[in-house]
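Here is how the chains run, residue by residue.
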Amino acid sequence: MPSKGYSVGESVMVKWPGSALWYPAMILSIEDDEYKVRFEEGTEDEVTAESIRSAASFRRRSQSKSPSRRRSRSRSPARSPSRQRVSRSPGRKTPAKTKTIISQSKSETKVQLTPTRSKRLLATRSTTEVHTYTTRSSTKSGHQILEPVVDIKTGKVPKTVHYEFGGPFGAFFIMVSLPLFIYYLYFACSKEECSLQLWPAHTCDWRDYFDLEAALLFLGWMGLQAFFYLLPIGSVVKGLPLRNGQRLDYKLNGFFSFILTLILFGGLLYKKYPVAMVYDKFLPLLTTAFIFSIVLSIFLYIKARRAPGHALAPSGNSGNFLYDFFMGHELNPRIGNFDFKVFCELRPGLIGWVMIDLAFVVKVWTDFPENPPWALLLVTFFQMLYVADSLLFEHAILSTMDIIHDGFGFMLVFGDLVWVPFTYTLQARYLADRPSLAVMPDYCLVIVLAFGLIGYYIFRASNSQKNAFRENPYASQFASANVLITASGKRLLVSGWWGWVRHPNYLGDILLALSWSMCCGFGSIIPYFYPIYMLVLLVHRERRDSDHCRQKYGNVWNKYCAQVPYRIIPYVY
């Protein structure tokens, strides 16, 4: 057990909240069993005594001074060729004697540093081996021991042992069924009829599905957004620590790209460019996006096969080609500073969603200038507000499971480039196909507007509270908040929106999605596909998050669930 005899001003070793890495810090104040500490790089946090060790309990272990070493020099861990070495000069081999390993005496726990953090613990320039660990409790001794999240011998992420989405069979089913479902939505909700049908009328002429002009339009769109992404404008921030302790740099200029795209759209409209062609070429654009997503997914998988072992995604490293192709084999695929995952998550799909909506508005207003399509304008306003919010708070995506856990494979590529822009525009396409429905009585517009604004307020207020708490849980606004502290020192907010339901942001998301469909009236169930889909998706995600948090926080999460029993909707368990 750790000693409780620490004093203010003492230099100690503190476990970084939410990780298994230990760094030097100074104790600033002590209150009951909580210690306020400051790490060497300036970060301040409050931790419990279980997250503190005396500096003396950590020692270097070298070739000549390791009392626990029982092997000859030729078999020394510092000489093992299977260990991954970093921070070496190009073309130079690092002498084995310069390696540094940090271990805790009289314990099963071994802590080894990543290259980006090593200089915090040691005032040395020597090479550091990258071996990262997560904690678990020993079932035999009750002591806390550490498990590798990067294989000790190979430096690779361990094989995926738990399948999601039904494993390879489920992955194959999703890859086949989702594209077919999008085409089904297109033909089932056409100009002539919008109803659930077993086999809707469809065209068999391949030229209706693909044409060169639509392909060039889509490729030009992708190139334009990539160009905006690479512009030297916007802030560069550090992402959350990866499993090996590394923190990647991310350029955040999504909102700037969105504004530039809107200005460009307005310029094309002013020059009388036929932007309404997006409406006429919706089907071939869909096909081009689908083909592009397949090609990009294949490229990413091939690239991942050449990536270093520690760069692979823990959820997509099963060894099964089909499953890894679907889940994403590499966690953060990049070429130079171009991050494929972050680019696709927020740029071409989300901004493209708004551009398609605007093209539909231009189409209807051009054809019927005397009857402004108010319902269509309201849908477009809501969805533009939603996308603008996502881009304005772009930094929030860096802490999502998509970025820190899931690999970038067909699942996310298809979702970002095909699913989002060509299914989330369903309500706008429904109203564009039926201009008479786009004219709604004023009192109905007011009701739908109020409903949507309430949903957005809940969504934004709860997310803002969560982000503020993550950035500074000691801010004055949380001085009287109810907080639970986990064993790792991480704090869970049990007040405000997050003391009402576990995911108030999901509730706002669902209300906002429902308001989009309400603009279409109640003549068909198909325009309500999105809120139904969102409800199923968020319920599944809530269950997935809850299981993850229960494994991560243990009994503290059970206490949180007891204090906040409602998952998404108040009074619904």
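That block above? That's the structure.
In this text the structure is predicted, and so the values were computed from the model without any measurement. (Residues numbered from 1 in each chain as written. Predicted model: local features only at pLDDT ≥ 70, side-chain atom pairs only at ≥ 80, totals over all residues. Heavy atoms only, no water.)

K.L.:
I would appreciate a short explanation of the overall build of the protein chain in the present structure.
P.N.:
Assigned secondary structure in the protein chain consists of 17 helices and 15 strands. Summarising the internal contacts of the protein chain: among those between residues at least 6 apart in sequence, 69% fall at separations of at least 24. Summed over its atoms, the accessible surface of the protein chain is roughly 28,100 Å², and 61% of this surface lies on carbon and sulfur atoms. (Helix = DSSP H or I, 4+ residues; strand = E, 2+ residues; numbered from the N terminus. Contact = heavy atoms within 4.5 Å. Areas by Shrake-Rupley, 256 points an atom, 1.4 Å probe, with all protein chains shown as cover.)

K.L.:
What exactly am I supposed to notice about empty space enclosed by the protein here?
P.N.:
One water molecule sets the probe size; rolling that probe over the atoms shows where empty space is left. All chains considered together, the criterion is met by one cavity of 30 Å³ or more. Considered as a void within the structure, the largest cavity measures approximately 30 Å³ in volume. Tallied by class, residues from the lining of the largest cavity come to six nonpolar, one polar and no charged. (1 Å grid on protein atoms, 1.4 Å probe; cavity = no way out; pocket = protein on both sides within 12 Å on 5 of 7 lines; lining within 4 Å. Points joined across faces, edges and corners; volume = space filled by probe spheres on them. Nonpolar A, V, L, I, M, F, W, Y, C, P; charged D, E, K, R; others polar.)

K.L.:
Sorry, what's going on with the sheet that holds strand β2 (residues 22–31) here?
P.N.:
Backbone-to-backbone hydrogen bonds join strands into a sheet, with any given pair of strands oriented parallel or antiparallel. Taken together, the five strands give an open sheet; going across it, the order is β4-β3-β2-β1-β5, and neighbouring strands pair in antiparallel fashion. One side of each edge strand has no neighbouring strand; the edge strands of this open sheet are β4 (44–48) and β5 (52–54). Across this sheet, the average inter-strand angle for adjacent strands is 50°, counted without regard to direction. Two elements, strand β1 (residues 11–15) and β2, share five bridges in a ladder whose sense is antiparallel. Directly across from Ser11, in β2, lies its bridge partner Met26. (Pairing = 2+ DSSP bridges. Axes fitted to C-alpha atoms, helices over the stretch in contact; angles between N-to-C directions.)

K.L.:
Teacher, can you tell me more about the packing of helix α15 (residues 504–518) against helix α16 (residues 529–553) here?
P.N.:
In a pair of packed helices, the angle between the axes and the distance between the axes together describe the arrangement. Orientation of α15 relative to α16, taken along the N-to-C sense of each, is 170°, at an axis distance of 9 Å. The angle between α15 and α16 falls in the class roughly antiparallel. Judged by residue contacts, Tyr506, Asp509, Ile510, Ala513, Leu514, Trp516 and Ser517 of α15 engage Tyr530, Pro531, Leu535, Leu538, Arg541, Glu542 and Asp545 from α16. Its residues placed into classes, the contact of α15 with α16 shows nine nonpolar, one polar and four charged. (Parallel < 35°, antiparallel > 145°, perpendicular 65-115°, else oblique.)

K.L.:
What's the story with the pattern of salt bridges in this structure? I'm lost.
P.N.:
Pairing between side chains of opposite charge can happen when their charged atoms approach one another. Taken as a whole and judged by the stated rule, the model has 14 salt bridges. Taking the shortest distance from any N to any O, the salt bridge between Lys238 and Asp249 comes out at 3.0 Å. Linking Lys238 in strand β10 (residues 235–238) with Asp249 in strand β11 (residues 249–252), this pair joins segments that are eleven residues apart in sequence. Here Arg429 makes a salt bridge to Asp433, at a shortest N to O gap of 3.9 Å. Taken together, the residues span about one helical turn, with Arg429 and Asp433 both in helix α13 (residues 426–433) at a distance of four residues. Accessibility assignment for this pair places Arg429 and Asp433 in one class, buried. The network of salt bridges with common partners includes Arg502, Glu542, Arg543 and Arg567. (Salt bridge = Lys/Arg side-chain N within 4 Å of Asp/Glu carboxyl O. Buried < 20%, exposed > 50% of the residue type's maximum accessible area, 1.4 Å probe, protein only.)

K.L.:
Even after reading the chapter, I still don't get the packing of helix α3 (residues 212–230) against helix α9 (residues 348–367), so can you show me in this structure?
P.N.:
As a packed pair, α3 and α9 sit with axes 11 Å apart at the nearest point and diverge in direction by 120°. Taken as axis vectors, α3 and α9 run oblique relative to one another. Of the two elements, α3 crosses α9, and the hand of that crossing is right-handed. Across the interface between the two elements, Trp221, Met222 and Gln225 from α3 touch Pro348, Ile351, Gly352 and Met355 from α9. Residue composition of the contact of α3 with α9, by class: five nonpolar, two polar and no charged. (Left-handed = near helix turned anticlockwise from the far one by under 90°.)

K.L.:
Mind showing me how you'd approach the packing of aromatic side chains here?
P.N.:
Two numbers describe a pair of aromatic rings. These are the distance of the centres and the angle of the planes. If you walk through the whole model with that rule in mind, you get 44 aromatic pairs. Ring geometry for Tyr229 and Phe338: centres 5.1 Å apart, planes at 85°, overall edge-to-face. Pair noted here: Tyr229 is in helix α3 and Phe338 is in strand β13 (residues 338–339), with a separation of 109 residues, a long-range link. The same class applies to Tyr229 as to Phe338, namely buried. Consider the rings of Phe290 and Phe414, whose centres lie 6.1 Å apart with planes at 85°: the pair is edge-to-face. You can see Phe290 sitting in helix α6 (residues 282–305) and its partner Phe414 sitting in helix α12 (residues 410–423), a full 124 residues away along the chain. (Phe/Tyr/Trp six-rings, centres within 6.5 Å; stacked < 30°, edge-to-face > 60°.)

K.L.:
For this particular structure, what's the right way to read the nonpolar core?
P.N.:
As a rule of thumb, soluble globular proteins bury nonpolar side chains together. Phe326, Trp353, Val418, Phe422 and Leu431 are the most contacted members of the largest nonpolar core, which has 110 residues in total. It is α9 that contributes the most residues to this core, twelve residues altogether. For Val418, the contacting residues outside a window of four places in its chain are Ile182, Leu286, Ala289, Phe290, Ser293, Val413 and Thr423. Core analysis: the next-biggest nonpolar cluster, separate from the first, contains 16 residues, Phe469, Phe478, Leu492 and Cys561 among them. (Core = buried A, V, L, I, M, F, W, Y, C linked by side-chain atoms within 4.5 Å.)

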